Amino acid sequence: MTETHSAHGKTVLRELSPQHRALRRAIPEVYAGWSELHKGAFAPGALDVRTKELIALAIGVVEGCDGCIASHSQAAVRAGATRQEAAEAIGVTFLMHGGPATIHGARAYEAFCEFADALEAGETPS
C-alpha cells in the first residue's frame, strides 16, 4: 500500500462540494432529474456497478474532467475495483484518445490509488 495524497482525488471533491450545493439549491429540479438518471445508469444489470464505474472513470479521462475522475475513482473503489482494473480501463483511453489521455490517465490512477489507500487503511474512501 502506498500512501498517496493527490490533487486529483479528495481535494477535487472537497473543492467542488460547496459549488455543487449552491447550484443544487438554485436548480433542485434539474439535480433531481440528474439523480434519477444516475441511479438508472448505475443500477446493476448485465454490467455490474464496478464495471460501470470503470467505464465512467475512463470517460472522465477522455473528457479531461477532474471532477468526473475523482468522483468515479472514489465510486469504483467503493464498488470493489482493483488498481489493476483501473489501470487497464485507463489504458484503453490511451488507444481511444491518444496523448491527452496519458496526462489525465495518470491523474486518474493517482486519484484511484488515493481512494484505494483510504479503503485499505480502514477509512471511508471519501
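Criteria and thresholds
- Residues numbered from 1 in each chain as written.
- Predicted model: local features only at pLDDT ≥ 70, side-chain atom pairs only at ≥ 80, totals over all residues.
- Heavy atoms only, no water.
- Helix = DSSP H or I, 4+ residues; strand = E, 2+ residues; numbered from the N terminus.
- Buried < 20%, exposed > 50% of the residue type's maximum accessible area, 1.4 Å probe, protein only.
- Contact = heavy atoms within 4.5 Å.
- Expected span 1.5 Å × (residues − 1).
- Axes fitted to C-alpha atoms, helices over the stretch in contact; angles between N-to-C directions.
- Parallel < 35°, antiparallel > 145°, perpendicular 65-115°, else oblique.
- Left-handed = near helix turned anticlockwise from the far one by under 90°.
- Nonpolar A, V, L, I, M, F, W, Y, C, P; charged D, E, K, R; others polar.

> Break down the environment of Glu53 for me, with residues and values.
Mapped onto the elements of the fold, Glu53 is located in helix H3 (residues 49-63). Residue class for Glu53 comes out buried when judged on its relative accessible area of 4%. Between the alpha carbons of Glu53 and Gly33 there is a distance of 20 Å; along the sequence they are 20 residues apart. Apart from the residues lying within four places of it in its own chain, the contact partners of Glu53 are Phe42, His72, Ala75 and Ala76.

> Help me get a handle on helix H5 (residues 83-97), residues and values and all.
Working note: α-helix, 3.6 residues per turn, so residues spaced by three or four point in the same direction. In this model, H5 (15 residues) spans 21 Å end to end at C-alpha, consistent with the 21 Å of a helix rising 1.5 Å per residue. The elements touched by buried residues of H5 are H3 and helix H6 (99-120). Following H5 by one or two positions, Gly98 adopts a phi angle in the positive range, close to 75°.

> Which residues make up the packing of H3 against helix H4 (residues 66-78), and what are the values?
The contact between H3 and H4 brings their axes to 8 Å, and the two run at 160°. Put simply, H3 runs roughly antiparallel to H4. At the point where H3 passes H4, the crossing takes the left-handed sense. Here H3 contributes Glu53, Leu54, Ala56, Leu57, Gly60 and Val61 to the contact with H4, which in turn contributes Cys68, Ile69, His72, Ser73, Ala75 and Ala76. Considering only residue class, the contact of H3 with H4 consists of eight nonpolar, three polar and one charged.

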